[in-house]
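Below, each chain spelled out in residue letters.
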Amino acid sequence: MGSTFFQRPLLGCNSLSFQGPALHVHHGDTIYVTVHNKGRYNITIHWHGVKLTGYPWSDGPEYITQCPIQPGGKFKQKIIFSTEEGTLWWHAHSDWSRATVHGPIIVYPKINGTGYPFSKPLVEVPIILGEWWKRDVMDVLQEAVITGGDPAVSDAFTINGQPGDLYPCSKSETIKLNVHQGNSYLLRIVNAALNTILFFSVAKHNLTVVGIDGSYAKQLTSGYITIASGQTIDAVLHANQDPNHYYMAARAFTSSPSVAFDNTTATAIVQYSGDYTLSSFPSLPQLPYYDDTNAAYSFLSSLRSLADEDHPVRVPSNITTRIVSTLSVNALPCHRNRSCEGPNGTILAASMNNITFVNPSIDILEAYYKHIHGVYGADFPSFPPLVFNFTADNLPLILEVSKTGTEVKILPFNSAVEIIFQGTNVVAGDDHPMHLHGYSFYIVGWGYGNFDKDKDPQNYNLIDPPFRNTVTVPRNGWTTIRFEATNPGVWFMHCHFDRHLVWGMETVFIVQDGTEARLSPPPPDMPPC
């Protein structure tokens, strides 16, 4: 199939209806998408959650697996689906283009396969949660790059491209979902917001989670969900209330009081069919408060893999590669003859294990495949180079300055990998939705404070841990993930808050070839640098 992508500035309510096309595929399909860049910025497209087994050439992050598609250029991408089922999504992976260049991927079970492991709903509805700025988002990013400060927060959240009728300019365009009493509806929810974890709920209705990040989950019924930037959730809405109009709503969760955030609420309307007397105003859901950390992580920690005979769990047990990585916001010195808006006149940055990642001039995948030296180093540390009380309230200013570099981690094929993400309170503690390209992983443990290597592993869930591609690391806390490195190639690991991504909270895993799987050669039309 061919797709033309226009990058659209979010300037006013009339421009908010844009949403990219949905891809509908079946388990195990391979499709081809030709991306034509008709915009005025460079672009790449990432197929978020698609493992692309042995074929990272189509993965998309600029200067990691490809050089960007320049204006007027095109690139034919081969998208290989393997074990994924459920909701994933695609989005731009260059600068902040994904604010307007994104859409859902619906992966159905195999044709003539076993079907859904839950009762099939009457209708399936994509629900795309996003952010809206009154200015061109590229201008917002460029301003932050020039000043070295925090980017301006969004002016509104959106549901399927609209903020809802709490905003006068959007009232007539508010998204409406028509339902019939007694039927069920599968909401395929994507958090496409650039910088925000969201609470989402439907007034007077529960949601039953049946899938997360393209895999099935044990059914979990809740009055709300927590969904981080980059994550997807499949949830069934049962239309079991009195016929009327009800709001669905989304608003921010933040545990960082010192970091500015968008405190608005986006709405859409669930409206029942039939003859009835309509309330004067739709009911609003009781969403958790903005800083309700217990509510946010109570939901996230309740998710479990389906773990049945048709959907087995294979958690690595004999770990061969263990990585402990700090996640920090940092402050770099301001360049001479320039005023900067970071703390104490510095430039805001971010790091993993005290290394602020710097994009190379050509992509790392090409350099790896063609044995081009000098593009990246292979010295990403397996343990924090600076050991301190990571979550202390008052930390020495010397800890704020990170090193800069392009360091990757080499993983032998078939490694059993464990990564312990440790949040820190350097500059400002924050939650971090960490996304790994090319893989899903098991979230075996999490907690607040500093990770305790002797006590915390005793509480790991190795029976039915959630299987995701994006994990939320709590502010001043830790999370442990495990996976088997059986997908050769170059794979990006980064925070899915775009402000942290452009600040350098990222690294790259290079998984070596094995006897059972090898990196495929590149396609002939890779975009040039």
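Our subject is the structure that appears above.
Predicted model, so just to flag it, every value in this text is computed and none were measured.

Observations concerning the packing of aromatic side chains
Here's step 1: Following the criterion strictly, the structure yields 22 aromatic pairs and no others.
Here's step 2: For the pair Phe199 and Tyr224, a centre-to-centre distance of 5.9 Å together with 80° between the ring planes defines the contact as edge-to-face. Pair noted here: Phe199 is in strand β12 (residues 197–202) and Tyr224 is in the loop between β14 (215–222) and β15 (225–227), with a separation of 25 residues, a long-range link. Across the pair, Tyr224 and Phe199 agree in class, each one buried.
Here's step 3: Following the ring pairs from residue to residue traces out a cluster consisting of Phe199, Tyr224, Phe253, Tyr297, Phe299, Trp446 and Tyr448.
Here's step 4: Here the basic side chain of Lys78 rests over the ring of Tyr55, its NZ or CZ set 5.3 Å away from the ring centre.
Here's step 5: Sitting above the plane of the Tyr290 ring, Arg251 keeps its charged end 4.6 Å from the centroid.

Things to note about a nonpolar patch on the surface
Here's step 1: Taken together, the side chains of Leu166, Phe281 and Leu284 define a hydrophobic patch exposed on the protein surface, amounting to about 270 Å² of accessible area.
Here's step 2: Here Leu166 lies in the loop between β9 (156–159) and β10 (176–179).
Here's step 3: Residue Leu166 is classed as partly exposed on the basis of its relative accessible area of 40%.

Examining the sheet that holds strand β28 (residues 470–473)
Here's step 1: Pairing in this open sheet of five strands is mixed, and the strands run β23-β31-β30-β25-β28 from one edge to the other. Unpaired on one side and paired on the other, β23 (408–411) and β28 mark the two borders of the sheet. The average undirected angle you get between the axes of adjacent strands in this sheet is 20°.

What counts, and where the lines are drawn
Counting of residues starts from 1 at the beginning of each chain's written sequence and follows it residue by residue. Side-chain atom pairs in this predicted model are given and counted only at pLDDT of 80 or more, local residue features only at pLDDT of at least 70, and totals for whole chains, interfaces and linings cover all residues. Working from all heavy atoms in the structure, the side-chain values ignore hydrogens and water. Stacked, edge-to-face and tilted labels apply to pairs of Phe, Tyr and Trp rings (six-membered ring for Trp) whose centres lie within 6.5 Å, assigned for plane angles under 30 degrees, over 60, and everything in between, in that order. A run of DSSP states H or I qualifies as a helix once it reaches four residues; a run of E qualifies as a strand once it reaches two. Both are numbered from the N-terminal end. When accessible area is computed with a 1.4 Å probe and restricted to protein chains, residues below 20% of their type maximum are described as buried, those above 50% as exposed, and intermediate ones as partly exposed. In this analysis the charged atom, NZ for Lys or CZ for Arg, is taken to sit over a ring once it is within 6 Å of the ring centre and within 35 degrees of the ring normal. Candidates for patches are residues over 30% relative accessible area with no salt bridge; among them, like charges are joined within 9 Å and nonpolar side chains (Val, Leu, Ile, Met, Phe, Trp, Tyr) within 5 Å. Note on areas: these come from Shrake-Rupley sampling with a 1.4 Å probe, and a residue is covered only by the protein chains present in the view. Any Lys or Arg side-chain nitrogen located within 4 Å of an Asp or Glu carboxyl oxygen qualifies as a salt bridge. Two strands qualify as a pair provided DSSP detects at least 2 bridges between them. Each axis is a line fitted through C-alpha atoms, taken for helices only over the stretch in contact, and angles between the N-to-C directions span 0 to 180 degrees.

By themselves, these figures tell us nothing about what the structure is for.
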